[in-house]
Amino acid sequence: MAVFFRGMDVTETVALTRAMTASGERLNWADLDLPGPTLDKHSTGGVGDNVSLMLAPMVAACGGFVPMISGRGLGHTGGTYDKMESIPGYVADPSMAVFRRVVGKVGCAIIGQTADLAPADKRLYAIRDVTATVESIPLITASILSKKLAAGLQGLVMDVKTGNGAFMPTLAKSRALAQSIVAVANGAGLPT
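Please read all numbers here as calculations on a predicted model, not as lab measurements. (Residues numbered from 1 in each chain as written. Predicted model: local features only at pLDDT ≥ 70, side-chain atom pairs only at ≥ 80, totals over all residues. Heavy atoms only, no water.)

### Here's the deal with a nonpolar patch on the surface
The condition is simple: Like-charged residues are merged into a patch within 9 Å and nonpolar side chains (Val, Leu, Ile, Met, Phe, Trp, Tyr) within 5 Å, provided each residue has over 30% relative accessible area and no salt bridge. Surface exposure here means Shrake-Rupley accessible area, sampled with a 1.4 Å probe, where a residue is shielded only by the protein chains that are shown. Between Lys or Arg on one side and Asp or Glu on the other, a salt bridge is scored when a side-chain nitrogen of the former is within 4 Å of a carboxyl oxygen of the latter. Only runs of H or I of at least four residues qualify as helices and only runs of E of at least two qualify as strands under DSSP, and these elements are numbered from the N terminus. For each residue, the accessible area found with a 1.4 Å probe, counting protein chains only, is set against the maximum for its type, and the residue is called buried under 20%, exposed over 50%, and partly exposed in between.
On the surface, Met1, Phe4 and Phe5 cluster together to form a nonpolar patch covering roughly 350 Å² of accessible area. On the secondary structure map, Phe4 appears in helix α1 (residues 2-6). Judged by its relative accessible area of 33%, Phe4 is partly exposed.

### Brief notes about the side chain of Ser146
Here is the rule: Between N or O atoms, a polar contact is any pair within 3.5 Å; within protein, one atom must be a potential hydrogen donor and the other a potential acceptor, and residues adjacent in sequence are included only when both atoms are from side chains. Every residue pair with non-hydrogen atoms within 4.5 Å of one another is taken to be in contact.
Mapping Ser146 onto the fold places it in helix α7 (residues 137-150). According to the relative accessible area criterion, Ser146 is buried, its value standing at 0%. From its side chain, Ser146 meets the backbone oxygen of Ser143 in a polar contact 3.1 Å long. Look past the residues within four positions of Ser146 in its chain and what remains in contact with it is Thr17, Met20, Thr21, Ala118 and Asp121.

### Points about the pairing of strand β2 (residues 66-70)
We apply this condition: Strands are labelled as partners when DSSP assigns at least two bridges between them.
Burial within β2 is extensive, with 5 of its 5 residues counted as buried. With burial as the criterion, each face of β2 is covered, one bearing Val66, Met68 and Ser70 and the other bearing Pro67 and Ile69. Pairing of β2 with strand β3 (residues 108-112), which is carried by 5 bridges, proceeds in the parallel orientation. Residue pairing in the sheet places Ser70 in a bridge with Gly112 of β3.

### Focus: the packing of aromatic side chains
Rules: Centres within 6.5 Å are what make two rings of Phe, Tyr or Trp a pair, Trp counting through its six-membered ring; a difference in plane orientation under 30 degrees is then read as stacked, over 60 as edge-to-face, and the rest as tilted. Charge-over-ring placement is defined geometrically: NZ (Lys) or CZ (Arg) within 6 Å of the ring centre, and within 35 degrees of the ring normal.
Counting across every chain of the model gives 2 aromatic pairs. Plain terms: the ring middles of Phe4 and Phe5 are 5.2 Å apart, the flat faces sit at 85° to each other, and that makes the pair edge-to-face. Between the aromatic rings of Trp29 and Phe99, the centroid separation amounts to 6.0 Å while the plane-to-plane angle is 70°, which identifies the pairing as edge-to-face. In this pair, Trp29 sits in the loop between α2 (10-21) and β1 (39-43) while Phe99 sits in helix α5 (residues 96-106), placing the two residues 70 residues apart along the sequence. Each of the two residues, Trp29 as well as Phe99, counts as buried. Over the face of the ring belonging to Trp29 we find Arg100, whose NZ or CZ atom lies 5.3 Å from the ring centre.

### Observations concerning unusual backbone geometry
The phi dihedral of Ala118 is positive, around 50°, even though this residue is not glycine. Along the chain, the position of Ala118 falls in the loop between β3 and α6 (119-130). One non-glycine residue with positive phi stands out, namely Ala132, at about 60°. For Ala132, the location among the structural elements is in the loop between α6 and α7.

### Here we look at α5
Operational definition: It is the directions from the helix axis to the C-beta atoms whose arc is reported.
For α5, the set of buried residues is Met96, Phe99, Arg100 and Val103. Buried residues of α5, seen end-on, are gathered within an arc of 95° and therefore sit on one face of the element. The exposed residues of α5 that point more than 90 degrees off its buried face are Ala97, Arg101, Lys105 and Val106. On its buried face, α5 sits against β2 and β3. Following α5 by one or two positions, Gly107 adopts a phi angle in the positive range, close to 100°.

Printed below as a string of structure tokens:
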């Protein structure tokens, strides 16, 4: 609640993000000797958002590797994980060994957050949900980036949606979130 009402500066948000990342396992892709960078894209979501479903294979076709760890939708928006989980036969929560093997072989895989990657995020999100603090930009930033840092990425692109049907209803809030994510990610060592 204090963060919701008082906010956090970039340095504080970087520290929170790093602590949340360190609360669990971090993926390391070096042992697979991938011939391209590990990249990802994160969307703040919105009704009808399907960019990840197309972009991950396109990036893989261009030589990048996309270990996409997606989340559930917030409020009325369906997240990428929700979409993947609705496909009959798709395993949205494979073991890390299967996830790594698929990314190494085909260049991309989309799974849901695991219990081992940034577990502090899951706990803090549950607290945010019951305390009506979901909309705190520093807490949103730390939540998104703790998972992305844990995924062992070398680069991240953000897709921040605005308007009716999006998580961020106004251009000002969308810009504030985008600026926060870029500043904190770069401050934590993830080019964004």
